[in-house]
Amino acid sequence: MPTVKRYEPTTIPIHWMAFVSLLGLSVTGLLTAFTKNLPGFPFFSNVLGGVDVAQQLHRVFAALLIVTLIFWILAVIVGIIKYGWSNALVFTPKEIQDIFRSIRAVLGGGKTEPTGKFHWGQKLFFWQIIVGTVVLGITGLDMMGALNLSPFSYGINLLLHDVFFWVVFAGCILHVWAVLFVGNEQDFSAIFTGYIDADFAAKKYPNWKPTKFEKG
Amino acid sequence: MMTKYGWLIDLDKCTGCRACQVACKRWNDLPAEVTEFNDKWTNPKDLSPTTWTHMDFMELDNNSQDYGFEWVFVKRQCWHCDNPACLDSCPVGAITKYDEGPVVIDQSKCTGCKYCVDACPFGIPRYDSQTDKVYKCNFCFDRIANDLLPACIKSCTTGAMEFGDLETIRAKASAMGASPKATSIVYSMPTFRNGDQPTEADLALGDQPSAKPTWQVRSIVNSLGVLGTALSLIGGFVYVIKHRSRSVKEKEGGT
């Protein structure tokens, strides 16, 4: 069966670096912030070696995420210049209408519109992660005293850090849920191999006209 | 029944001798600090991880004086709140409010997250980047447990501080015209030589010990986050169960 290239070779390691760092940051961050308040957290915290260990690991995963973000932004810039990715990043007016159509479809009425290579949800998730991790990185570094941004007090930094954590965390949960349960099984394997079946691409992303075919 | 302690600081009697500051350092084995000139006679400039009680030399405008100001000496230290914002903010349970009144940080549990530093409405806890821990006055809880006065009170040369049962202390403070907060420390306002009195705001004595607005919003944000995550997981689980049963029915219908 012919396959089409879904992801560039640079996208795959960046995705998994982001996955590992965001997972690590979420676990260590939640253990740091909620060990006293949530049931079961003291146990997991002790398994990890204590909250201070979770805090140190949080900084290690943060460093990995910052490196990932730098590579990611560079890859996007190269993608825009070399492959014309700008269409895949910017919302079109039709996609904004699709947001409401999709909500209606999920609630039980109407149908979703055919999409191109990436639909509005994937674009939204991209911006959610990019903007979220940039804010988390700035506020996190400032809380560590590495930036000394005078307009942000520790409390404001912490509040922003928490708000954007939940924004990113919600996006990640929805992303994993959509990959596992909304019929994107080929997209899941594509994030390892880089390719999906041409038939699946035509059915799932009808407005996408890929040019790179390979025979499977 | 456990006695709940408090102390009254009569700012009219304080002469700013700093004996309390030195006594605190000696009892708690805290090192001296390298100091620098600042715009006041206060020395060192502020509370720090190694200065848990601090005499603030305030110069308040008073035109009745030849030199145009009047000194007020204000002892800064942990207020040992009834409902400490620092305790609520600590994610690891390193801060304890004892029945006798002291709010104490257990440094062996402190992870140096600095949440308490930001949460305290009085700006008392101080972070030490070298030890990655937070420090503040501990009410000399070890001395109290052995029926000794806190070191600062024991050393006071003018009797400006009174220690005892909190209710008695608060009653005395009220009789002196002070307005006790929900803390174990009560300040009695000083009187200028011309009879005027500064306000609590003049002396930067802070407000009631409620958490800062950012902490109140943060609490709501995190509660919503935890609730949202729990609902998402339940919703996802229900979706998967329904999805599975529909797939099974479709398969059975097809065969």
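Just so you know, these numbers come straight off a predicted model, no measurement behind them. (Residues numbered from 1 in each chain as written. Chains lettered and ligands numbered in written order. Predicted model: local features only at pLDDT ≥ 70, side-chain atom pairs only at ≥ 80, totals over all residues. Heavy atoms only, no water.)

### Details of the nonpolar core
Residue and element names in this part refer to chain B. Basically, it comes down to this: Put simply, buried Ala, Val, Leu, Ile, Met, Phe, Trp, Tyr and Cys residues joined by side-chain atoms within 4.5 Å make one nonpolar core. For every residue, the accessible area obtained with a 1.4 Å probe (protein chains only) is divided by the maximum for its type, and the residue is called buried under 20%, exposed over 50%, and partly exposed between those limits. Elements are defined by DSSP. Helices are runs of H or I of four residues or more, strands are runs of E of two residues or more, and each kind is numbered from the N terminus.
Judged by nonpolar contacts, the single largest core of 37 residues is most densely connected at W7, V74, W79, Y187 and L203. If you list the elements that add at least two residues to this core, you get β1 (5-10), α1 (19-27), β2 (54-61), β3 (69-76), α5 (151-155), β8 (161-165) and β9 (185-188). Among the elements that make up this core, the one with the highest residue count is β2 (four residues).

### Some thoughts on the packing of helix α1 (residues 11-34) of chain A against helix α3 (residues 51-83) of chain A
Residues and elements named next belong to chain A. Applied cut-off: Angles run from 0 to 180 degrees between N-to-C directions of axes, and those axes are lines fitted to C-alpha atoms, restricted for helices to the stretch in contact. For classification purposes, angles smaller than 35 degrees are called roughly parallel, those larger than 145 roughly antiparallel, those between 65 and 115 roughly perpendicular, and all remaining angles oblique. Each crossing is labelled by how the near helix is turned from the far one, with a counterclockwise turn of less than a right angle marking it left-handed and a clockwise turn marking it right-handed. Residues are grouped as follows: nonpolar covers Ala, Val, Leu, Ile, Met, Phe, Trp, Tyr, Cys and Pro; charged covers Asp, Glu, Lys and Arg; every other residue, Gly included, is treated as polar.
Their axes nearest at 8 Å, the elements α1 and α3 cross at an angle of 150°. Taken as axis vectors, α1 and α3 run roughly antiparallel relative to one another. As α1 packs across α3, the resulting crossing turns out to be left-handed. Among the residues making up the contact of α1 with α3, the classes are represented as 18 nonpolar, eight polar and no charged.

### Quick word on the pairing of β2 of chain B
Residues and elements named next belong to chain B. What counts is decided by this rule: Strand pairing is assigned whenever DSSP detects at least two bridges linking the two strands.
Burial analysis of β2 places six of its eight residues in the buried class, which makes it a mostly covered element. Relative to β3, β2 runs antiparallel, the two being bridged by eight bridges. Counted as the bridge partner of L60 is E70 from β3.

### Re the interface of chain B and chain A
So the rule is basically this: Contacts: residue pairs with any heavy atoms within 4.5 Å of one another. Simply put, the buried area is the total loss of 1.4 Å probe accessible area from both parts when two parts are fitted together. Here a polar contact is recorded for every N or O atom pair within 3.5 Å, except that within protein the pair must consist of a potential hydrogen donor and a potential acceptor, and residues adjacent in sequence are included only if both atoms are side-chain atoms.
Contact with chain B, which involves 26 residues of that partner, is made by 24 residues of chain A. Taken together, both faces of the contact between chain B and chain A bury some 2100 Å²; the carbon and sulfur share is 64%. Applying the counting criterion to the chain B and chain A interface returns ten residue pairs in polar contact (both at pLDDT 80 or more). Of all the secondary-structure elements, those providing two or more residues to the side of chain B that touches chain A are α2 (85-89), α3 (115-119) and α7 (213-254) of chain B. It is α7 of chain B that provides the largest number of residues to the side of chain B that touches chain A, a total of 14 residues. Taken together, the residues of the side of chain B that touches chain A break down into twelve nonpolar, nine polar and five charged.

### Re the pattern of salt bridges
Worth spelling out the cut-off: The term salt bridge refers to a side-chain nitrogen of Lys or Arg lying within 4 Å of a carboxyl oxygen of Asp or Glu.
The final tally for this structure, using the stated rule, is 13 salt bridges over all chains. Here R218 of chain B and D162 of chain A are joined by a salt bridge, their closest N and O atoms 2.3 Å apart. With one member in each of two chains, R218 of chain B in helix α7 and D162 of chain A in helix α7 (residues 154-181) form a pair that bridges those chains. Like D162 of chain A, R218 of chain B is buried. For the salt bridge of R170 of chain B with D82 of chain B, the shortest nitrogen-to-oxygen distance reads 3.3 Å. One end of the pair, R170 of chain B, is in helix α6 (residues 166-175); the other, D82 of chain B, is in the loop between β3 and α2, and 88 residues separate them in sequence. When salt bridges with common partners are traced through the structure, they connect K4, D82, E167 and R170 of chain B into a single cluster.

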